[in-house]
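Now for the letters of each chain:
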Amino acid sequence: MNEYVIGVDLGTSAVKVSAMNKAGEIVAQQSYDYPLSQPRPGYSEQAPQDWLYATTIAIDRLILRDGIAKEEIQGISFSGQMHGLVLLDENNQVLRPAILWNDTRTTKQCQEIMDKVGEEFIEITGNRPLEGFTLPKLLWVKENEPEIWAKAKTFLLPKDYVRYCMTGKLGMDYSDATGTVLLDIHQGTWSKALCEALDVPLSICPPLVKSVDLTGNVSAGYAMFSGLTTTTKVFAGGGDNACGAVGAGILQPNMVMSSIGTSGVVLKYEENANVNYHGQLQFECHAIPDSYYSMGVTLAAGHSLNWFKGTFDSEEDFNQMVAKASERPLGANGLLFTPYVVGERAPYADADIRGSFIGVDSMQNRYDFVRAVMEGITFSFRDILNIYEQNGRDFDTVVAIGGGAKSDFWLQMQADIFNKKVVALTNEQGPGLGAAMIAAVGLGWFDNLQECAKEFVHFGKEYQPNSANVAKYDQLYGLYHQVYDQTKELSHGLLKFRREN
Ligand SMILES: Nc1ncnc2c1ncn2[C@@H]1O[C@H](COP(=O)(O)OP(=O)(O)O)[C@@H](O)[C@H]1O
Ligand SMILES: O=C(CO)[C@@H](O)[C@H](O)COP(=O)(O)O
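Our subject in this report is the structure included herewith. Since this is a predicted model, take the numbers as computed values, not measurements. (Residues numbered from 1 in each chain as written. Chains lettered and ligands numbered in written order. Predicted model: local features only at pLDDT ≥ 70, side-chain atom pairs only at ≥ 80, totals over all residues. Heavy atoms only, no water.)

1. A few points about empty space enclosed by the protein
Inclusion rule: Of the grid points, spaced at 1 Å and generated over the protein atoms alone, those admitting a 1.4 Å probe that cannot get out make up cavities, while open sets with protein on both sides within 12 Å along at least five of seven lines make up pockets; any residue with an atom within 4 Å of a point is treated as lining. Grid points are joined across faces, edges and corners, and a volume is the space filled by probe spheres set on the points.
Using the criterion set out here, one finds one cavity of 30 Å³ or more in the structure. One number sums up the size of the largest cavity: a volume of about 60 Å³. Lining the largest cavity are W101, T104, L130, E131, G132, L299, E344, R345 and A351.

2. Comments concerning the site of ligand 2
Where we set the bar: Here a residue is considered near a molecule or strand provided that any single heavy atom belonging to it is located within 4 Å of it. Any pair of nitrogen or oxygen atoms within 3.5 Å is treated as a polar contact; in protein, a donor-acceptor pairing is required on top of that, and neighbouring residues in sequence qualify only through side-chain atoms on both sides. Occupancy of a cavity or pocket is assigned to a molecule whenever over half of its atoms lie within 2 Å of that pocket's grid points. Gly is placed with the polar residues, together with every amino acid not listed as nonpolar (Ala, Val, Leu, Ile, Met, Phe, Trp, Tyr, Cys and Pro) or charged (Asp, Glu, Lys and Arg).
If you check the shell around ligand 2, you find 15 residues, and the closest are T12, H83, D240, S263 and R345. Separating an oxygen atom of ligand 2 from a backbone N or O atom of M82 is a distance of 3.0 Å. With respect to ligand 2, the side chain of D240 contributes an N or O atom lying 2.7 Å from an oxygen atom. When atoms are counted within 2 Å of each cavity's grid points, the one that captures over half of ligand 2 is the largest pocket. Taken together, the residues that form the shell around ligand 2 break down as five nonpolar, eight polar and two charged.

3. Quick look at the nonpolar core
What counts here: Put simply, a nonpolar core is a bunch of buried Ala, Val, Leu, Ile, Met, Phe, Trp, Tyr and Cys residues held in one set by side-chain atoms that sit within 4.5 Å of each other. Type-normalised accessible area, obtained with a 1.4 Å probe on protein chains alone, sets the label of each residue: buried when under 20%, exposed when over 50%, and partly exposed for intermediate values. Secondary structure elements follow DSSP: runs of H or I of four or more residues count as helices, runs of E of two or more count as strands, with numbering from the N terminus. Contacts: residue pairs with any heavy atoms within 4.5 Å of one another.
One finds I6, I59, I76, I250 and M437 to be the most contacted residues of the largest nonpolar core, which totals 77 residues. Ranked by the residues each element gives to this core, the list is headed by helix α15 (residues 430-442), at seven residues. Setting aside residues up to four positions removed in sequence, M437 forms contacts with V246, G247, L449, C452, A453, F456 and V457. I260, A325, L411 and M413 belong to the second largest nonpolar core, which has 52 residues in total.

4. Re the pattern of salt bridges
Spelled out, the test is: Here, a salt bridge means any side-chain nitrogen of Lys or Arg that lies within 4 Å of a carboxyl oxygen of Asp or Glu.
For the coordinates displayed, the defined rule picks out 25 salt bridges. Overlapping salt bridges, with partners in common, bring together E45, R96, D103, R105 and E145 in one network.

5. Examining helix α11 (residues 302-312)
Three or more residues of α11 are buried, namely G302, H303, S304, L305, F308 and K309. Structurally, α11 contributes buried residues whose contacts are with β16 (255-260), α12 (318-326), β20 (336-338), β21 (356-358), α13 (366-390) and α14 (408-418).

6. What to know about the site of ligand 1
Applicable threshold: To be clear on the numbers: accessible area is Shrake-Rupley with a 1.4 Å probe, and residue cover counts the displayed protein chains and nothing else.
With respect to spatial proximity, 18 residues lie near ligand 1, and among them S13, K16, T262, N319 and G403 are the closest. One of the side-chain nitrogen or oxygen atoms of K16 is found 2.8 Å away from an oxygen atom of ligand 1. At 3.0 Å from an oxygen atom of ligand 1 is found a main-chain nitrogen or oxygen belonging to G302. Taking 580 Å² as the accessible area of ligand 1 by itself, protein coverage stands at 87%. Comparing atom positions with the cavity grids shows ligand 1 to sit within the largest pocket. Of all the secondary-structure elements, those providing two or more residues to the shell around ligand 1 are α11 and α12. Across the shell around ligand 1, the residue classes break down as five nonpolar, eleven polar and two charged.

In structure tokens, the structure reads:
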């Protein structure tokens, strides 16, 4: 009998499931999209049930379309979009739509946290309270929806909810728990001090588990619902960036990952918790036990390109659109774009900033705009790389993952804008691959994730910086970097206008 593990990558736009064998080969992949609801400026929600149905359909397609027998699925694990708040009542029923990582309604609650706890918050959690994180979302529900808050017994993150539905067991792994900013990163426990200071019951926090821990087998109920078998073991998994880093082989400090998914991430492996970026970057537990990572997040990376495509022409696919953009001149005929279309997290923690095109000229065409969007997203990654450099961090290789890494053109652009070697994976499945690796280690196929990486992670093409392009992009970046300060007041004024009218 063949033996497979399944990595479930629960993203913001879709769930992608990958079945892998012991040799680290991807034998089948399926995906299923789900909608995102943005009912008001700054709001971003999804229905947890959609994640469950989509995941189940995608796994069933592996069985029905790809011929994987249910008994061959030895283990399943997860990579999940981080920070999203799923609130459950005493019967573990969902109380309201999940409030996602890119929802920025909680500026007031973030301020309250700083007023009540101050700089000690960063000491305890390794992070500044930002709108995207889970704790401010809990405080928002408490303040704005008291009737729901009164019924709330447990909170989970997106992938934990799907895993709960599969196994009947509640739990959250450390890599995702850091992203709630309720975890004491030094003690490795939920922070009693923060719960007390902010009047959040400690009992609302689920049991903590390690990423590679077995959380249970597929339950009889889920087996009946899905057609899977109760012999399949389900392992905790991790936040998508922790899993992305595992799947991209970011297992030593000289390597950095860049991920262009819905969000954009520049991530660095950290050996211990004694690093301090003063809240400028996020600090998280890794899926690898007793390891950590730091990262800066661009809220709308792929989302900016997706927004542009959907708003100005939905017919073309990404490959066609990007191919035509690659034929436009570097610098898009004098057009700059800042990707702040849903606010920003790094390097500017500013929920009210919005994007801009600067230098619009009647001789530019649609593909200058596409190119400017791609360049602007990549400049925002450079802003984050600058923070690492200013903190004396040294690295030589950037491993690129996410939907954006499907494009050769964008990979070369990253090498040119970062002035670093950029490496792609042979199969761009960073987070899903990381999740499958967690299941493989959980099953005992390998002693640890580092050993598993030797078998499962395959680096592909390398992109070296082109010195002529590096010089031109340096010049443009100098201009890009001024746009935030020069558009901030205008952006804030426009958002205020929208809210008042
Ligand atoms: N062929 C392509 N070339 C360039 N960018 C692409 C391509 N396909 C997808 N993308 C970008 O990748 C994004 C999706 O990335 P993905 O990692 O799948 O997102 P998520 O995990 O957040 O759902 C899209 O929004 C788009 O911007
Ligand atoms: O908020 C963060 C990380 O802090 C995001 O990276 C989310 O985890 C969503 O990821 P994608 O859907 O873009 O993969």
